[in-house]
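Spelled out, the chains give:
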Amino acid sequence: MPAILYFMFYASLGLGTSLTFLSSHWLTAWMGLELTTLAILPLMAQHHHPRASEATTKYLLVQASATGLLLFATILNGWVEMSWSINEMKNPYALTLAMSALALKLGLAPFHLWLPEVMQGLDLLTGLILSTWQKLAPFALLMQISQAMPPALLTILGLSSATLAAWGGLNQTQLRKIMAYSSTAHLGWSVIIIQFSPGLALMALGIYILMTMAAFLTMKDMLSTKISTFSTSWPKSPEKMVAMILILLSLGGLPPMTGFTIKWLILEELTKQDMYTPATLIVMAALISLYFYARLSYFTIISLFPGTSNIKTYWRQKNIKDKLILPITTTAAIFLLPLMPLTLALTYFYN
């Protein structure tokens, strides 16, 4: 694909997300969502592989359904409330439909089953965009309507996302599917706290994006897409594999990694709101997620993946031109805990 086309598609992704960020009207926000969807489709289908074509088709159908449902919700609210402003959505039926549409776009449970299948058919760079950048615009809309949503609905959505994603990732051997379930689980933590502290939910999304960027870039550097190839990458670059193990444990929320910081703050806020039962349940779901992250670390360090592997093993790594983004994201994903007072100050300033 020519470089000018890559520039056009990436610029369209940025323009669509920015348009949604700056929108106070539902139609302009809807235009931004459509622009980001149409811009990523050529990137998903660029390899002309049957699995990539299947993933692109599934993604198009899911996003078209979610966008149509969101448009129907905004029309319903405009008809009943005589307002197309995002902040003035008050009709309960329209709010429920809009919440379902945004949950489908974000891959939240119980609308998350499309995400692992789509992620499995993509290359790692496009999977990174789908797991990070494509979450920003729907999450921005979700933040704006979250204060009008019933708190019980957001709590159930967050708990179901964290729990079902944790169970779904247990038996996976494909790294992209594991990262897809990880995306759903981490967004569940953001959704459950968004009603009480939007700034904390935004910080949770930012930390998740940092950790996911570090994980995907390391997998891309090591040319690993499943556990069987991941377990043979240790002799090629032990330093990067040690960093990858720390990133995985950070994604699992193990102290003193960066991922522990946001879980700690969310649990503290939930206890302040006297939500002891949801806090206990989401911690138990996090323990299940930590298990399959620790399982990846075990197969990487201690043993090889069980069974004979017939895959091609790369004994020489490719020369990576960009040597700046991976160290920065890896450092932020592992050692951001000492900067917690600064992040807390920024969060309280936002609130």
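Cut-off values and rules
- Residues numbered from 1 in each chain as written.
- Predicted model: local features only at pLDDT ≥ 70, side-chain atom pairs only at ≥ 80, totals over all residues.
- Heavy atoms only, no water.
- UniProt positions renumbered as here; feature names shortened; annotations may be inferred.
- Helix = DSSP H or I, 4+ residues; strand = E, 2+ residues; numbered from the N terminus.
- Buried < 20%, exposed > 50% of the residue type's maximum accessible area, 1.4 Å probe, protein only.
- Contact = heavy atoms within 4.5 Å.
- Phe/Tyr/Trp six-rings, centres within 6.5 Å; stacked < 30°, edge-to-face > 60°.
- Lys NZ or Arg CZ within 6 Å of the ring centre and 35° of its normal.

In the annotation of an unreviewed UniProt entry, the entry for the protein reads NADH-ubiquinone oxidoreductase chain 2, and the organism field reads Astyanax mexicanus. Its UniProt record, at the heading Catalytic activity (unreviewed entry), says of the protein: "a ubiquinone + NADH + 5 H(+)(in) = a ubiquinol + NAD(+) + 4 H(+)(out)". The Sequence similarities (unreviewed entry) field of the UniProt record for the protein holds the comment "Belongs to the complex I subunit 2 family."

## Concerning the UniProt feature "transmembrane region" (unreviewed entry) in the protein
Residues given the UniProt feature "transmembrane region" (unreviewed entry) here are residues 57–80, 92–115, 148–166, 202–220, 241–267, 279–305 and 325–350. The span residues 57–80 is 100% helical and 0% strand by assignment, and the distance between its end C-alpha atoms comes to 35 Å. The span residues 241–267 shows a helical share of 78% and a strand share of 0%, and its end C-alpha atoms are spaced 30 Å apart.

## Section: the side chain of S224
Here S224 is to be found in the loop between helix 10 (198–222) and helix 11 (227–230). Exposure remark for S224: the relative accessible area of 1% places this residue in the buried category. Other than its neighbours up to four places away in sequence, S224 contacts L124, L175, M219, T229, F230 and S233.

## What to know about the packing of aromatic side chains
The tally for this structure, following the rule as stated, stands at 4 aromatic pairs. Centre to centre, the rings of Y6 and Y10 are 6.2 Å apart; their planes meet at 20°, and the pair counts as stacked. You can see Y6 and its partner Y10 sitting in helix 1 (residues 3–21), 4 residues apart, about one turn around the helix. Among the residues examined, Y6 registers a relative accessible area of 25% and is labelled partly exposed. What makes Y10 partly exposed here is its relative accessible area of 35%. Sitting over the face of the ring of W189, K263 holds its NZ or CZ atom 5.2 Å from the ring centroid.

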